[in-house]
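In case you want the letters, here they are:
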Amino acid sequence: MKRRAMFSSRLERRRQVRRFARLVGVTVFVIGLGLVAVFAVQGLDFLGIAEADRLPLGAVVLAAIGGVLALSFVAYVTVRMFSRID
């Protein structure tokens, strides 16, 4: 990887922290999405047996995805915040 200009160690550390924070946020999001998918499939199987309305389950799944997105953003901000403490 070719660098265009020399960066100070402080700027390089900030760049590494941002990368790590993104990695943490994406990891939380992917794991959370996987868990939501597993519970959604189980819920659909259960509702298929009971022949019930699936609309409330869809609303809950969308709310859970929103919650996972918010949680991943909180994880990103937390990593960035604690990296500033020296």
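In this text, all values refer to a predicted model and were calculated from it rather than measured experimentally. (Residues numbered from 1 in each chain as written. Predicted model: local features only at pLDDT ≥ 70, side-chain atom pairs only at ≥ 80, totals over all residues. Heavy atoms only, no water.)

Engineer: Would you explain helix α2 (residues 55-83) in this entry?
Structural biologist: Along an α-helix, residues three or four apart share an orientation, since each turn contains 3.6 residues. The terminal C-alpha atoms of α2 lie 42 Å apart, and with 29 residues this matches the ideal 42 Å at 1.5 Å per residue to within 8%. Looking only at α2, the buried set comprises Leu57, Val68, Ser72, Ala75, Val79, Arg80 and Ser83. (Helix = DSSP H or I, 4+ residues; strand = E, 2+ residues; numbered from the N terminus. Expected span 1.5 Å × (residues − 1). Buried < 20%, exposed > 50% of the residue type's maximum accessible area, 1.4 Å probe, protein only.)

Engineer: What's the story with the UniProt feature "transmembrane region" (unreviewed entry) in the protein chain in this structure? I'm lost.
Structural biologist: UniProt's entry tags residues 20-43 and 55-79 with the feature "transmembrane region" (unreviewed entry), counted in the numbering of this structure. Helix and strand shares over residues 20-43 are 100% and 0% respectively, and the end C-alpha atoms of the span are 34 Å apart. Segment residues 55-79 splits into 100% helix and 0% strand. End C-alpha atoms: 37 Å apart. (UniProt positions renumbered as here; feature names shortened; annotations may be inferred.)

Engineer: Sorry if this is basic, but what is going on with a nonpolar patch on the surface here?
Structural biologist: A cluster of nonpolar side chains, Ile31, Leu35 and Phe39, forms an exposed patch at the surface whose accessible area comes to about 330 Å². You can see Leu35 is positioned in helix α1 (residues 9-50). (Patch = residues over 30% accessible without salt bridge, like charges linked within 9 Å, V, L, I, M, F, W, Y side chains within 5 Å. Areas by Shrake-Rupley, 256 points an atom, 1.4 Å probe, with all protein chains shown as cover. Salt bridge = Lys/Arg side-chain N within 4 Å of Asp/Glu carboxyl O.)

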